[in-house]
Amino acid sequence: MPACCTMRAKASDMHSKDCVKVAVRVRPFNKRERDAGSRCIVSMVSSSITIQDPREPQSRRSFCFDYAYWSHSGFARDRCGLYVPEEPGGRYADQDSVFQDLGEGILENALQGYNATLLAYGQTGSGKSYSMVGYGPNKGLVPKLCDRLFQAIKENQDTRQCQVFFSMLEIYNEQVVDLLSRGSRTPGGLRVREEQQRGFYVEGLRTVPCDSAPQVEQLMEQGTRTRTTAATHMNANSSRSHMLIILQLKQIFSKESITKQSNINLVDLAGSERQRSSGSEADRLKEGTAINLSLTTLGNVISSLADVAVGRKVVHIPYRDSVLTKLLQSALGGNSRTVMIATLSPADICYEESLSTLRYAERAKRIQNRAVVNESPTERLVKELKAENARLLQRLSRLGQEGRRANDETKELRQLLTHNELQIRAIQTLWEQHLQEALKDWEQQYANITQERRMMQMHPYILNINEDAQLSGVVKLFIQEGEWDIGLCDSSPTSISIKGLGIQERHAGFRNEQRRVTLTPLAGSKVIINGNAVSQTTELQHLDRLILGSNCTYLFIGYPSERGGDDWSRYDYDYFQSEVAAAEGIHLGESSAGSSQTDPSLLAVFYDYIKLMPMVAEANQMSQELNKGVEFKLEIKNLALSDSKGHDLEKEIVVRVTSTGRKQVWMWYKAKFVNRKFLMEEAYQQHQAEKSGDDRVEGLSTTALPRDKDPFWDPVEPLLLGTAHLWLQSLAFRIPLEEQLEVLGPEGTEEAILQAQLVPCSSTGLPLGEDDILIDPSELLGRRLDFQLVLEQCCGLRWIREARNRGVQIGFRLLDCGQPLYSPAVWHNVNPLLDHRVHFASLHTSQRLLDYLQSSAVVLELWGLQEGCTDLISSLEGVRMTTEGIFIIEEAGPTDTAPVDSADSSCSVRALQQDVEELKSVNASLRKENNSLREQLNAARNGGETARGRSVRPSCDAEFARALKVFYHSMTSVKGQLQRLRRHRPSEESDLLGFRLFVDEQSRLLRDFSEQLEQSVSTLKQDVAAIVRRKRERSGIWS
C-alpha cells in the first residue's frame, strides 16, 4: 500500500500541470573516457545540475529540472547482475529509481485516459538506450513499463476490459520503416498522412494486439532484428535514427459504459552530438540535410513552444517540417502528458555536447500541453442512447394509458439497444480475432526462437556486431555441414543471404567439413579476418572477427565444444575497427616515458580514426558504384609536424579526397566529411531507387546532379603539403646559415628538399663579414639587427611529380607577424628556382628577440596549388615596413619592450636593463685594465712586441668564431643524418630478407651518424687547442 500511495502521489504531481516534465541522468565514464584520464565536470545537488567549463574552471552553468539522477558513481553489481547503490540510501540512481519517478507517472496517466509520451534525448553513447531499454538484468523504462501495464490490467480486470496494441517504427533519413512488417520494406518508407480526427499517422503501420508482457518483449526483439537488417540494407547509422514504440491502450468500462483510449509513445531519439565547426571546416553544402532534419526541426519546435510559454509572439510552429515532429505533434504542445529524459556524459571531453543537452532540456521544460481524457465516439453514442432511453422511460410512465403508443416507443428503444449491443459484440469479436492472429504469429516466432537455440547448440555460426550495442548479436547465420555461398544471392538452397555496401552476388564461400570451417573469398570481393585482408582459403577459429564488403562485421562462433566460458562481450564494434587500424599501422600509442598509461592526446585521435574508418570504406564503395572516380583516405594531420619551438602540434583526423581522373585533391576535416557522408548516402539511395524503378522517389537523378550539389566534389583550394624548420640561432651570433631542409608531410613523408639561407646583413642589404661575428649575443641588445631570409630552390617536389599541372608556394612568418608571407607561385616544375629574398630588421634588439632567435625556428610551409585555384597572397595588414621594403619585426625602445598595461613587467624589464648596463660597464673596465696590464708586461720584455700583444685578442676571437662556424655547419649535417635515421622505417610489405636489408642499412646510417658526430667534436677540440696554443706563443701570458 505505501508503494502504491507513493506511485499515485508521484503521478498526481506529474499531471498537476500540463508542462513537459524533464529529467536528467548522468552516466558513468565509458572505457574511452577512463583511458583518456577524463575529469568529471558535472555536479548535482537535489534536482540542480552544475557543469564546469574544463578550459575555464571559474565558468560554471547551473540548471534546475524536475528530476535529476546521479548514476555516475557510488554503485556496485550484485549477484544477479543488477547495478545497485553501494550503500543503502546512497545517491546512485538505479533503473528502479528512474522507473518509479517517470514510468509509474506515465502509466498512471495512460490508465486515466491521457496520451503519454516519453522522449529520450542525448548524444550518442550518453546512455539513452540503457535508460530506455536497459541491458541484461538491468531492464529499462520500456520493458518495466510493459510489465507494470499488464500487471495493472490484471489487477483491474473486474472493473474494465483492456486492449493493448503494439507498434514499432524507425525514422532514418526522413523515411519511416515499420519494424514489425511481415513483408519486404516499402521503397522510400511508409507515408505519413493526416486526418482531422486522428491527426498525423503512419499509413500502413502494423499494430499487433498483445495480452502479456512476454509478447511485447518478443515483438521488441523482432523489431530490433528488423532494425539491424534495415540498417545494413540502407547503409544506415543507427545512432542517426529515431525509434518509436507506440502502445495503444483501450479501456472499456462496462458499468460506466465509457471507453478511455490513450497512446503511449516511447521515443529513443537519434544522437544529438554537435559537429564542431570553424572557419576552416565550413562546408559549402548545407549541414544536417535529411539525416538530421527531424532532430533539427524538433529543436525548432521546442524553441518555438518555449517562446509561446513565456508569452512571446510566435507566428509559426514548424511541426510539418519533418516526419518526427508530425508524429510527435500531440506530445509537444498538444493532447499529451510528456516526459523527457536527457542523458549526458560528465567527462570533460564531452563538455560541449553535455552543455548543449542541458540547454535543450531547459527549453523543453517550458512547453505546456493541453491534455484531455480521450473518449471513443462509439461510447459517446452509447451514453447518448442511454440518456434517450431514460427520457423515454419517463415518458412511458407518464403516458401509461396510451398503451399502443408506449409499446411502439418501447419497441424502437429495444431495437436501438439491440443494435448497440451488436456493435459492441462486433468490436469485441474483432479484438478477439486480432488477438488470435497475433497469438499465432507469436507461437510461430516462439517456434523459430526455439529452433534457433537448438541450431546454436549444433552448428557454428556468425554473429552480427553493430556500432549500436543494442543491435549486436541479433542476426545469427548458421554454417551447417557442406559448402555454402554467402552474398546477395538468395535463390540457391545452399546460399547464405546478406546485404550491404560492397557485398557481391557471390562474395565468399564457407566450407564445413569434419568439424573444420574454412572461408574462401571470391574474385573481386573484400574479406578481412582479424584485421587483415585475405584472398586465400583460411580456416576459421572460434571468435575470429570477419568484415565482409565495406563494413558488414561478424563474430565467428565455433562448435559448442570449442566455446568454453569465453567472454564474447569484449569483441565489440570498436575492437573490430581497432584491429583494422593496427593492420594499417595505427596503434593506440603510449607515453614517451614508456609507461602503460595511454597518452590522452593520442587517444582522442585514435578513437576518431577507428570511428571514421568504416565510414571512409563505405564512402569509397559508394563512389565506386556511382562511378564518381573519387577516393577517400584517412590521414592524421600534424602526426610528424611541430611548431616554431619544436613542440608537437595538436593532432587531428582529416580525410584526403582525390579525384583520380583530374588529379584534384581536397582535405576534409572530420565534421565536413561526416556531413558529406550523409549526403552521399542520400545520393546512393536515390541511385538504388532509380535502379529498382521506384516512381515514388523524389529529387534530382544522380546522373543529372549538378556539380555544385554533388557531395563528392568541391572547388579546389591550396593544400598544406608539409613544413620545414630553419632554426634562427645563428642570427644571434650574426653567423650566416645555409641549409638544405627536408620538407616533411603531416605523416612524416618527404615532400621536397628546400634550399634556404639566413644572411646577416647591413641596413642596405650587404652581407656582413667574419669580423662582424659575435661571441656573446647580448652585445646585440639595444642595437639594430638586419638579416635576409633567402629561399633559393625546391628540389624533388612529389606534389608536382604526381601531376605536372600543379604549382607550389612557400609560406612563413616571424615572431609577432599575424599573417604569413608567401613566395611567388611557381608551376609545372619538379625542381623550381624560387630566388625569393625577404629583408627583416629589428631597430632595437631586445632580450625577448634574442631569446626567440636562440630557441625558435622559422617554419617554412610548402603549399600545393591546383589548376583552378588562386595563388596565396601575402596580407600586409598590420605589418610594419620601411620605404625600402624592409619588414620591421621589432622597433620598441629600451623602455617600451614590455606591455604598457603591466607595471610589474615594466619594472622587471627596467631592472634587467639596468643590470645589463652595469655589466657592460664592468666588462669595459676590466678590458681596459687588462689591456693596461698587458701593455706594461710587454713593455718590460721588449718594445717591439707591444703592438703584437694588442692585436692578440681580436685575432684570436675571430679564429674562435670561425671554429664555431665550422662546428655549427658540421652539426647541421649531423642533424640531417639524425633526421634520416628517425624516418628510416621498414616497409610494411617487407619479408625476412627485406628486414635484414633494413637492419644492414640502419647499421650503416648509425655508423655514418656516429662518425660524423665524432669528427665534428674532434675538429672543434683541435681548433680550440690550436687557438689556445697560438695565444700562448704570441702573448706568453695565457695560462
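The structure displayed is predicted, hence computed values, not measured ones.

## Description of empty space enclosed by the protein
Vacant regions in the atomic arrangement are exposed by a probe of water-molecule size rolled over the atoms.
Part 1: A complete count under the given rule lists 3 cavities of 30 Å³ or more for this structure.
Part 2: Counted as a void, the largest cavity has a volume near 60 Å³.
Part 3: Val208, Pro209, Cys210, Gln215, Leu219, Ala438, Asp441, Trp442 and Gln445 together form the lining of the largest cavity.
Part 4: Those elements that place two or more of their residues in the lining of the largest cavity are β15 (208–210), α6 (213–233) and α11 (403–456).
Part 5: It is α11 that contributes the most residues to the lining of the largest cavity, 4 residues altogether.
Part 6: In terms of residue class, the lining of the largest cavity is made up of 6 nonpolar, 2 polar and 1 charged.

## Side note on the sheet that holds strand β3 (residues 48–53)
Part 1: Judged by pairing direction, the sheet is antiparallel, and its 3 strands sit side by side in the order β2-β3-β4 without closing on themselves. Two strands bound the open sheet, and with one partner strand each, they are β2 (42–45) and β4 (56–64). Averaged over neighbouring strand pairs, the angle between their axes works out to 20 degrees when direction is ignored.
Part 2: Together, β3 and β4 form the strand contacts of helix α9 (residues 351–364), whose direction differs from that of β3 by roughly 145 degrees.

## Notes on the nonpolar core
Part 1: Counting residues in each nonpolar core, the largest one holds 52 residues, and the members touching the most others are Leu555, Tyr609, Phe632, Leu634 and Phe673.
Part 2: By residue number, the principal contributor to this core is helix α14 (residues 600–625), which donates 12 residues.
Part 3: Shared between two domains, this core holds at least three residues of each, these being domain 2 (458–584) and domain 3 (602–689).
Part 4: Residues within four places of Phe632 in sequence aside, it is in contact with Val616, Ala619, Asn620, Ser623, Val655, Arg656, Val657, Trp668, Phe673, Met680 and Phe712.
Part 5: Counting residues in each nonpolar core, the second largest holds 49 residues, with Ile735, Leu791, Ile810 and Leu850 among its members.

## Thoughts on helix α18 (residues 847–855)
Part 1: Leu849, Leu850, Tyr852 and Leu853 are the residues of α18 that are buried. The buried residues of α18 occupy an angular sector of 160 degrees when the element is viewed end-on, so they sit on one face.
Part 2: Summarising the contacts, the buried residues of α18 are in contact with α16 (729–732), β36 (785–795), β40 (833–842), β41 (857–865) and β42 (887–890).

## So, the confidence of the model for the protein
Interpretation of the predicted coordinates at a detailed level should be avoided for regions scoring low in pLDDT.
Part 1: In this model, the protein carries a mean pLDDT of 81, and residues with pLDDT of at least 70 account for 79%.
Part 2: Confidence drops under a pLDDT of 50 for residues 589–596, and excluding neighbours within four residues, the segment shows 9 contacts in the predicted structure.
Part 3: Counted against residues more than four places away or in other chains, residues 894–905, with its pLDDT under 50, gives 11 contacts.

## Some remarks on helix α13 (residues 573–583)
Part 1: Within α13, the full set of buried residues consists of Tyr573, Phe576, Gln577, Glu579, Val580 and Ala581.
Part 2: Directly beyond the C-terminal end of α13, a positive phi value near 90 degrees is found at Gly585.

## Thoughts on the sheet that holds strand β25 (residues 527–529)
Part 1: Taken in spatial order, the 6 strands of this open sheet run β20-β19-β29-β28-β25-β26, and their pairing is antiparallel. Both outer strands of the open sheet, β20 (476–478) and β26 (532–533), are each paired with one neighbouring strand and no more.
Part 2: In this structure, strand β19 (residues 461–464) lies alongside strand β29 (residues 552–557), joined through 4 bridges in antiparallel fashion. Paired with Asn464 across the strands is Tyr554, a residue of β29.
Part 3: Strands in contact with α13 are β25, β26, β28 (545–548) and β29; relative to β28, the strand with the most contacts, it is inclined by about 80 degrees.

## Observations concerning the environment of Arg366
Part 1: Considering the arrangement of structural elements, one finds Arg366 in the loop between α9 and α10 (377–398).
Part 2: Residues Arg366 and Ala309 lie 57 residues apart in sequence; the distance between their C-alpha atoms is 6.1 Å.
Part 3: Once residues within four sequence positions are removed from consideration, Arg366 is found in contact with Ala306, Ala309 and Val310.

Here is what the cut-offs are and how they apply
- Residues numbered from 1 in each chain as written.
- Predicted model: local features only at pLDDT ≥ 70, side-chain atom pairs only at ≥ 80, totals over all residues.
- Heavy atoms only, no water.
- 1 Å grid on protein atoms, 1.4 Å probe; cavity = no way out; pocket = protein on both sides within 12 Å on 5 of 7 lines; lining within 4 Å.
- Points joined across faces, edges and corners; volume = space filled by probe spheres on them.
- Helix = DSSP H or I, 4+ residues; strand = E, 2+ residues; numbered from the N terminus.
- Nonpolar A, V, L, I, M, F, W, Y, C, P; charged D, E, K, R; others polar.
- Pairing = 2+ DSSP bridges.
- Axes fitted to C-alpha atoms, helices over the stretch in contact; angles between N-to-C directions.
- Contact = heavy atoms within 4.5 Å.
- Core = buried A, V, L, I, M, F, W, Y, C linked by side-chain atoms within 4.5 Å.
- Buried < 20%, exposed > 50% of the residue type's maximum accessible area, 1.4 Å probe, protein only.
- Domains from an automatic or database assignment.
- Arc of directions from axis to C-beta.
- pLDDT = per-residue confidence, 0-100.

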